[in-house]
Structures are given as structure tokens and as C-alpha cells.
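# A structural walkthrough
Residues per chain, in single letters:
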Amino acid sequence: MFSYIKKLQYPINIKKCDPKAANIIISQYGGPDGELGASLRYLSQRYSMPIPELKGLLTDIGREAPKMRHFRG
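Residues numbered from 1 in each chain as written. Predicted model: local features only at pLDDT ≥ 70, side-chain atom pairs only at ≥ 80, totals over all residues. Heavy atoms only, no water.

### Topic: the overall build of the chain
Heads up, the condition is: Where helices and strands are cited, they refer to DSSP runs of H or I of at least four residues and of E of at least two residues respectively, numbered from the N terminus. Exposure is judged per residue with a 1.4 Å probe applied to protein chains only, and the accessible area is read against the type maximum: over 50% gives exposed, under 20% gives buried, and values in between give partly exposed. By the convention used here, residues are in contact when the closest approach between their heavy atoms is within 4.5 Å. Areas reported as accessible are Shrake-Rupley estimates using a 1.4 Å probe. Residue values count occlusion only from the protein chains shown.
Helix and strand counts for the chain stand at three helices and zero strands. When its helices and strands are written in sequence order, the chain yields α-α-α. Here the chain holds 73 residues, and 16% of them are scored as buried. By sequence separation, contacts in the chain at least 24 residues apart represent 49% of the contacts at least 6 residues apart. When the accessible surface of the chain is summed, it comes to about 6,500 Å², and 61% of that surface belongs to carbon and sulfur atoms.

### Some words on the side chain of threonine 59
Position of threonine 59 among the secondary structure elements: in helix 3 (residues 52–68). A residue is classified by how much of its surface remains accessible, and threonine 59, at 16% relative accessible area, is buried. Excluding residues within four positions of it along the chain, threonine 59 makes contact with Leu43 and Arg46.

### What to know about a nonpolar patch on the surface
Let me state the cut-off plainly: Within the patch definition used here, like charges are joined within 9 Å and nonpolar side chains (Val, Leu, Ile, Met, Phe, Trp, Tyr) within 5 Å, considering only residues with over 30% relative accessible area and no salt bridge. Definition used for salt bridges: Asp or Glu carboxyl oxygen within 4 Å of a side-chain nitrogen of Lys or Arg.
A cluster of nonpolar side chains, contributed by Leu8, Ile12 and Ile14, occupies part of the molecular surface with about 360 Å² of accessible area. Assignment of secondary structure puts leucine 8 in the segment before helix 1 (19–27). What makes leucine 8 partly exposed here is its relative accessible area of 49%.

### Some details on the packing of aromatic side chains
Cut-off, in case you're wondering: Within 6.5 Å between ring centres, the rings of Phe, Tyr and Trp (the latter by its six-membered ring) count as paired, and their orientation is classed by plane angle as stacked under 30 degrees, edge-to-face over 60, tilted in between. Charge-over-ring placement is defined geometrically: NZ (Lys) or CZ (Arg) within 6 Å of the ring centre, and within 35 degrees of the ring normal.
All told, the structure shown has zero aromatic pairs when counted by the stated rule. Positioned over the ring face of tyrosine 47 is arginine 46, at 5.1 Å from the centre of the ring.

### Some words on the environment of glutamate 64
One can find glutamate 64 in helix 3. Taking the C-alpha atoms as reference, glutamate 64 lies 9.9 Å from glutamate 35; in sequence the two are 29 residues apart.

Quick look at the structure:
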């Protein structure tokens, strides 16, 4: 059994712009190991999931993965 609570682990408060960091983050979205590919894999796996709760979990992960992934800098 598991408990799934949908909330951010750390609050986000952006105080200044950083174009260099923004460029690194944007580059993480593309490519075979990028965020878009991972998100689409989660969303496609949900269609073969027989358990409704886990189907919802895969949907949430697929929709939120691009927003929550940490970049390697």
C-alpha cells in the first residue's frame, strides 16, 4: 500500500533572472533522454496500467515531470 500526496517537496521563489541556468534547463527538455521524452513515456504507459490509482499516478507524473526535474549543472 502507498500514500500519494500531490505537493511540491520544496517551495520555489525566484528572485532574479539567470540566463545561463535557463539555457541549461531548456536544453534538458529536448533529446532522447530529455524531459519531453520521459513525460511521453509515462503518459503512454498509463494506457496499459490495469490499476486505476496507478494510472492516475502515471498521468500526474507525465504531466508534472518536465516541471519538477532537477538539472545537472
